[in-house]
Structure formats: C-alpha cells, structure tokens
Amino acid sequence: MAVDPVVYGASERPPRGDYSRAQTDYTCPQHYAAYTDADHDTWRRLYERQAALVAGRACDVFIRALPSLGPSHHIPRFEQINERLYKATGWEIVGVPGLIPEVPFFTLLANRKFPVTDWIRKPEEFDYIVEPDVFHDLFGHVPLLFNPVFADHMQEYGKGGLKAHGLGACEFLARLYWYTIEFGLIRQEDGLRAFGAGILSSPGELRYAVESPEPRRLPLDIERVMRTRYKIDTFQQTYFVVDSFQELFEKTAPDFAPTYERVREMEEELAANAA
Ligand code: HBI
Ligand code: FE
C-alpha cells in the first residue's frame, strides 16, 4: 500500500477505496475503465433525481453551473470537467480513493485542486451513503468551484486548514467546513437556498434543510459554528445562513487563532464542569 487509508470517526468497516492506487499526495487517476454499466446507470439515476429537486432549493449559482459537469447519463470524465473548470476559475479536480488525511486534503485545496473520490456507491446504497463518493463530490461540490468568489474561498480554506493543523485546531475548522461547505444555506432575494454539498447531493436533506420548520437556522457566526458539534448520520438540527458568498469569504478571512483559543477554553470548562 502506497499510503494508509483514512477513517474519520468510529466505524466498523475499513474505508472502501483502494488506497494502493494513490500517490504520496493521495491522488490517483480516475479509473474510468473500471466503471461498469451499472455504475453509469447509478450516476444517471442519482443525477436525474437530484436535478429534479434543485429548482427553488439550490442557490442560483449552483443551478447555473450544474450543466458544466457535462452530460448527465454517464459518470463524467475528470479531464473533461477540468477543461472547463480551469478556464473558469483556475481550479482542477483530482481523483482520490476516498477520504484522505487533513494535511494532504488542505494542501490540495491550497493549490486549487479539489479531491474527488472516483468510485460510485452500490445500488443498495442509492439513498444514503456515509462516505463521500463520486456523486457527492462532483454533483455536490464542483459546480460552485465555477464561481470565482466561492473558488477563492475554498483555496483560503485550504490555507487556513494548514494553519489550523499547526495549531492543533483542525476539529474546530472542520466544524466550519461542515456547516458551510457541506451544509450551508444562503438567503437569496427570492428565499432560502442551499449551497452546501452535503445538502445538494441528498434528496431528503435538500427538502428538509430548505423547507422543514424543524431545524434551527442561524445567521453565520464563526465562533458559534466552531462550538457546534455535528452528526454525520442524521439531518442537521442547525443550519447556518449567509446572505452572499462575499459574506462567507469576509467572515472566514480573519486569523482564527484567537477564536480557536476561546473555543478550546470554553470546551475545557464544559468538560471540567461535567466531570
Ligand atoms: N478527504 N476526500 C476527502 N474529502 C473531504 O471532504 C475531506 C477529506 N479529508 C479531510 C476532510 N475532508 C476534513 O478534514 C475536512 O472536513 C476538514
Ligand atoms: Fe463533501
């Protein structure tokens, strides 16, 4: 094995991907010949189901960029997306076998490379999969990388991640990633919309996040986000809302070192009180 596989959180089974294909930066070529007809069919069905739900629920920037992924009836070739993406924002997507460790992940983002898992879920996991697969990574994340402001934000996030790693604060930054890039909402003139990839790639959560009266929806407050733990296997109880990607970019621009310290102190106090 060239590199070790990665598991985040508790799990009974090893990660799915074949990490022996990965280079030292954890990237690997998209193994296009390995896709079966059933895999392409899974993509087509996932795409059609999700594309039918985005109107009125996904943000306009996402809806406008979605066709840039190419034809919907088979798994896209990463090189073909890259021809368009690189011209639009200077970003590229690179294949990975699945989740990768934080430092290589942030390093790729800081270099305007977005890691995309190359395998697709099995038909029996059609409705739900915990690990990111090629559908989540491409359909959920890549359209927004065609937007210049969002594209710059992702690169800054990568640089911030490397800093956070140096400060032992990856967990707090991961919460920010979770509540914005994965589960963020944006207020458009015509109403609330989703921009987070975890929402955009899930049929149930796309409706729930935008329409259900149940979850809390709070204005984006970085420190509050960093204090908010998340669950990866249920719909979110709390979503954070921005008014624009410019707001997201500006609120994430400051040096987070003092914020990490405050959040860390608060969590230590809570733990001490609980003991
Ligand atoms: N690896 N392939 C992949 N995709 C991710 O979204 C990802 C990752 N490794 C680490 C990671 N995300 C997280 O640490 C971020 O949430 C911070
Ligand atoms: Fe994701």
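Note that the coordinates shown come from a computational prediction; the quantities given were computed from them, not determined experimentally.

Peer 1: Give me the pattern of salt bridges: which residues, what numbers.
Peer 2: Counted under the stated rule, the structure contains 18 salt bridges. Residue K113 is joined to E92 by a salt bridge in which the shortest nitrogen-to-oxygen separation is 3.3 Å. With a gap of 21 residues between them, K113 in strand β2 (residues 113–117) and E92 in strand β1 (residues 92–96) connect regions that are remote in the sequence. Between E267 and R175 there is a salt bridge whose closest N-O contact spans 2.9 Å. Of this pair, E267 sits in helix α12 (residues 257–274) while R175 sits in helix α7 (residues 170–182), and the two are 92 residues apart along the sequence.

Peer 1: Help me get a handle on the packing of helix α1 (residues 37–51) against helix α5 (residues 134–141), residues and values and all.
Peer 2: Between α1 and α5, the least distance of the axes is 11 Å, while the angle of their chain directions is 35 degrees. By crossing handedness, the relation of α1 to α5 is classed as right-handed. Listed contacts from α5 to W43, L46, Y47, Q50 and A51 of α1 are V134, F135, L138 and F139. Here the contact of α1 with α5 is composed, by residue class, of eight nonpolar, one polar and no charged.

Peer 1: How would you sum up the sheet that holds strand β6 (residues 238–242)? Please name residues and give values.
Peer 2: Neighbouring strands of a sheet are bound in pairs by backbone hydrogen bonds; such pairs are parallel or else antiparallel. Strand order in the open sheet made by the four strands is β4-β3-β6-β5, with mixed pairing throughout. The sheet terminates laterally at β4 (191–194) and β5 (216–219), the two strands that pair on one side only. Along the sheet, successive strands turn relative to each other by an average axial angle of 35 degrees, direction set aside. Note that β5 and β6 share four bridges and pair parallel. Among the inter-strand pairings, P219 is bridged to a residue of β6, identified as V241.

Peer 1: Summarise the coordination of the iron ion (ligand 2); cite the residues concerned and give the values.
Peer 2: Protein ligation of the iron ion (ligand 2) involves H136 (NE2), H141 (NE2), E182 (OE) and E182 (OE), the donor distances falling in the range 2.0 to 2.7 Å. Its four donor atoms give the iron ion (ligand 2) angles of 53 to 138 degrees at the centre, a pattern that matches the irregular case. Motif for the iron ion (ligand 2), donor spacing along one chain: H-x4-H-x40-E. Grouping residues by exposure puts H136 and H141 together as buried.

Peer 1: For the packing of helix α4 (residues 102–110) against helix α6 (residues 148–166), give the residues involved together with the corresponding values.
Peer 2: Contact geometry of α4 with α6 gives a least axis separation of 7 Å together with a crossing angle of 145 degrees. By crossing handedness, the relation of α4 to α6 is classed as left-handed. Of the residues in α6, those touching α4 at V103, F106, T107, L109 and A110 are M154, Q155, Y157, G158, K159, G161, L162 and H165. Here the residues of the contact of α4 with α6 are counted per class, giving seven nonpolar, five polar and one charged.

Peer 1: Summarise the nonpolar core; cite the residues concerned and give the values.
Peer 2: In this structure, F114 and V142 are the most contacted members of the largest nonpolar core, which totals 81 residues. Here this core takes eight residues from α7, the largest share from any one element. Ignoring anything within four residues of it in the chain, the contact list for V142 reads L69, I81, L85, I93, F114, V116 and D137.

Peer 1: Break down the side chain of H153 for me, with residues and values.
Peer 2: Of note, H153 is situated in helix α6. Among all residues touching H153, those that are not within four sequence positions of it are I181, L248, F249 and T252.

Criteria and thresholds
- Residues numbered from 1 in each chain as written.
- Chains lettered and ligands numbered in written order.
- Predicted model: local features only at pLDDT ≥ 70, side-chain atom pairs only at ≥ 80, totals over all residues.
- Heavy atoms only, no water.
- Salt bridge = Lys/Arg side-chain N within 4 Å of Asp/Glu carboxyl O.
- Helix = DSSP H or I, 4+ residues; strand = E, 2+ residues; numbered from the N terminus.
- Axes fitted to C-alpha atoms, helices over the stretch in contact; angles between N-to-C directions.
- Left-handed = near helix turned anticlockwise from the far one by under 90°.
- Contact = heavy atoms within 4.5 Å.
- Nonpolar A, V, L, I, M, F, W, Y, C, P; charged D, E, K, R; others polar.
- Pairing = 2+ DSSP bridges.
- Donors = N, O, S within 2.8 Å, 3.2 Å for Na, K, Ca; no water.
- Tetrahedral: all angles 85-135°; square planar, octahedral: opposite > 155°, others 65-115°.
- Buried < 20%, exposed > 50% of the residue type's maximum accessible area, 1.4 Å probe, protein only.
- Core = buried A, V, L, I, M, F, W, Y, C linked by side-chain atoms within 4.5 Å.

None of the figures reported here should be taken as evidence of function without further support.
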